[in-house]
Amino acid sequence: DMDGIEASRLIRRDSKAPIIFITGYKDNVTMARVRDIAGAVCLNKPYDPDVLLRTIDDALRHQQ
């Protein structure tokens, strides 16, 4: 079984695609797992759509 965090870890192994998590889980274990993935960003629910757009823009700008 694989969750989204593990799947993103595999994606980042082969790609530099930006990864943005949107989650309702704020526990320390989940946040530590996300921090271990280089370039991953985590937004907590509920999120502001403007913040999401800025996060996507920043991630794409840093990818280039």
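The following refers to the structure shown. (Residues numbered from 1 in each chain as written. Predicted model: local features only at pLDDT ≥ 70, side-chain atom pairs only at ≥ 80, totals over all residues. Heavy atoms only, no water.)

A word on the overall build of the chain
- Within the chain, the regular secondary structure consists of 3 helices and 2 strands.
- When its helices and strands are written in sequence order, the chain yields α-β-α-β-α.
- Here the C-alpha atoms of the chain give a radius of gyration of 12 Å, agreeing with the 11 Å that 2.2 N^0.38 yields for 64 residues.
- The principal-axis extent of the C-alpha atoms belonging to the chain is close to 35 × 30 × 15 Å.
- Residues classed as buried in the chain amount to 23% of the 64 residues present.
- Counted over contacts in the chain with a minimum sequence separation of 6, partners at least 24 positions apart contribute 38%. (Helix = DSSP H or I, 4+ residues; strand = E, 2+ residues; numbered from the N terminus. Rg over C-alpha atoms; globule rule 2.2 N^0.38 Å. Buried < 20%, exposed > 50% of the residue type's maximum accessible area, 1.4 Å probe, protein only. Contact = heavy atoms within 4.5 Å.)

Side note on the side chain of arginine 12
- Here arginine 12 lies in helix H1 (residues 4–14).
- Buried within the structure, arginine 12 lacks any salt-bridge partner; its nearest side chain of opposite charge belongs to aspartate 14, at an N-O separation of 11 Å.
- Within the structure, the side chain of arginine 12 is placed 3.0 Å from the backbone oxygen of lysine 16, a separation counted as a polar contact.
- When near neighbours in sequence (up to four residues on either side) are disregarded, arginine 12 contacts Ala17, Pro18, Ile19, Ile37, Ala38 and Gly39. (Lys, Arg positive; Asp, Glu negative; His and termini not counted. Salt bridge = Lys/Arg side-chain N within 4 Å of Asp/Glu carboxyl O. Polar contact = N/O pair within 3.5 Å; in protein donor to acceptor, adjacent residues only side chain to side chain.)

Structural notes on unusual backbone geometry
- Lysine 45 connects to proline 46 through a cis peptide bond whose omega is -10°.
- Turning to its location among the elements, proline 46 is positioned in the loop between strand E2 (40–44) and helix H3 (49–63).

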